[in-house]
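This is what each chain is made of:
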Amino acid sequence: MFEDIAKKQQLLGLEGPTGWLAAAFSPGSFAVMVYRFGRYGRDLRVPGLRQVWAVLYYLLFYLVQMFTGISIQAYARIGRRFVVRNFSCIFVLAESIGDDFTVCEGVTVGNIRGKPRLPIIGNNVYLEPGCKVLGSVTIGDNVVVRANSLVLTDVPSNCIATGNPARISATA
């Protein structure tokens, strides 16, 4: 959780202890903290404690959803240094997400009815404002999905996806 906040501080260019506090108390950081709380609860093996944890998580989850417009499901396994840059209209439900994952406002990562699985996202992926990643897609490592793009097919590693529907516009 502290790595998430430090990464956000670095991305926003905030320095010193006041920068850390500004990053820690932003709405996106609260949503990530609640996600980490819920994910930890899903992995608990003590039956009674797991149910109490789930009730607390869902209470916090719905409060965050109501006040920030951010929905990050605890079902997804998200790696280290997960950053929500802004807040409002962010929905994240994926099978798994790697380290260094960054999302901006208006991003949707989710399922399409009738598809066999949720998206799988690699390491060091940046989703710009308004982009959508839907269905049984796999996004590789070191990928940028440009603003307002719609990803419905797999995206290989080391590239930039742009457009509606998304196409590979550059490779590294």
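Anything mentioned here points back to the structure above.
Sequence order as written defines the numbering, with residues in each chain counted from 1. Per-residue local features are limited, in this predicted model, to residues with pLDDT of at least 70; the limit for side-chain atom pairs, both in listing and counting, is 80 or more; totals at the level of whole chains, interfaces and linings are taken over all residues. Working from all heavy atoms in the structure, the side-chain values ignore hydrogens and water.

**Concerning the overall build of the chain**
Phase 1 of the analysis: In terms of regular secondary structure, the chain is built from four helices and 15 strands.
Phase 2 of the analysis: The C-alpha radius of gyration of the chain comes to 16 Å, within 12% of the 16 Å expected for a compact globule of 172 residues.
Phase 3 of the analysis: On the principal axes, the C-alpha backbone points of the chain span a range of 45 × 45 × 25 Å.
Phase 4 of the analysis: The buried label goes to any residue with under 20% of its type's maximum accessible area, the exposed label to any with over 50%, and the partly exposed label to all in between, with areas taken from a 1.4 Å probe on protein chains only. In the chain, buried positions account for 42% of the 172 residues.
Phase 5 of the analysis: By sequence separation, contacts in the chain at least 24 residues apart represent 28% of the contacts at least 6 residues apart.
Phase 6 of the analysis: As presented, the chain carries roughly 8,800 Å² of accessible surface, and 61% of it is formed by carbon and sulfur atoms. Only DSSP runs of H or I with at least four residues qualify as helices, and only runs of E with at least two residues qualify as strands; both kinds are numbered from the N terminus onward. Throughout, radius of gyration means the C-alpha value; the globule benchmark is 2.2 Å times the number of residues raised to the power 0.38. In what follows, residue pairs with any heavy atoms lying within 4.5 Å of each other are defined as contacts. Per-residue and other accessible areas were derived by the Shrake-Rupley procedure at a 1.4 Å probe size, with only the shown protein chains allowed to occlude residues.

**Let's talk about the pairing of strand 15 (residues 167-171)**
Phase 1 of the analysis: Strands were regarded as paired on the criterion that DSSP finds at least two bridges between them. Alignment of strand 14 (residues 159-162) against strand 15, held across four bridges, turns out to be antiparallel. The residue of strand 15 that forms the bridge with Thr162 is Arg167.
Phase 2 of the analysis: The hairpin formed by strand 14 and strand 15 contains four residues between the paired strands, and Gly163 there has a positive phi angle of roughly 105 degrees.

**Let's talk about the sheet that holds strand 14**
Phase 1 of the analysis: The six strands are arranged 3-6-9-12-14-15 in an open sheet whose pairing can be described as mixed. Of all the strands in the sheet, the pair left with one neighbour each is strand 3 (83-84) and strand 15.

**Side note on the nonpolar core**
Phase 1 of the analysis: Here, nonpolar core refers to any group of buried Ala, Val, Leu, Ile, Met, Phe, Trp, Tyr and Cys residues whose side-chain atoms link them within 4.5 Å. In terms of nonpolar packing, the biggest core is built from 36 residues, with Ile72 and Leu127 touching the most fellow members.
Phase 2 of the analysis: Going through the elements one at a time, helix 3 (27-42), helix 4 (47-68), strand 1 (70-72), strand 4 (90-92), strand 6 (101-103), strand 9 (125-127), strand 12 (143-145) and strand 14 are the ones with two or more residues in this core.
Phase 3 of the analysis: Counting residues per element, this core draws most heavily on helix 3, at four residues.
Phase 4 of the analysis: If we skip the residues at most four places from it in the chain, Ile72 touches Ala31, Val32, Tyr35, Tyr57, Phe61, Ile78, Phe82, Val84 and Val92.

**Comments concerning helix 3**
Phase 1 of the analysis: Helix span is expected to be 1.5 Å times the residue number reduced by one. Its 16 residues give helix 3 an end-to-end C-alpha distance of 23 Å, which sits within 8% of 22 Å, the value for a rise of 1.5 Å per residue.
Phase 2 of the analysis: The set of residues buried in helix 3 consists of Gly28, Ser29, Ala31, Val32, Val34, Tyr35, Arg36, Gly38, Arg39 and Gly41.
Phase 3 of the analysis: Where helix 3 is buried, its residues meet helix 1 (2-12), helix 2 (16-24), helix 4, strand 1, strand 2 (77-78) and strand 3.

**Thoughts on the pattern of salt bridges**
Any two side chains of opposite charge can pair, given that their charged atoms come close.
Phase 1 of the analysis: Salt bridges are identified by distance alone: a Lys or Arg side-chain nitrogen within 4 Å of an Asp or Glu carboxyl oxygen. Per the stated rule, a full pass over the model turns up seven salt bridges.
Phase 2 of the analysis: For Arg81, the salt bridge is made with Glu3, and the minimal N-O distance between the two is 3.9 Å. Of the two residues, Arg81 is situated in the loop between strand 2 and strand 3 and Glu3 in helix 1; the sequence distance between them amounts to 78 residues.
Phase 3 of the analysis: Given the relative accessible area of 37%, Glu3 is considered partly exposed.
Phase 4 of the analysis: Note that Arg81 and Asp100 form a salt bridge whose closest N and O atoms lie 2.5 Å from each other. You can see Arg81 sitting in the loop between strand 2 and strand 3 and its partner Asp100 sitting in the loop between strand 5 (96-97) and strand 6, a full 19 residues away along the chain.
Phase 5 of the analysis: Take Asp100: its relative accessible area is 16%, and that puts it in the buried class.
Phase 6 of the analysis: Connected through salt bridges with shared partners, the residues Glu3, Lys7, Arg80, Arg81 and Asp100 form a single ionic network.

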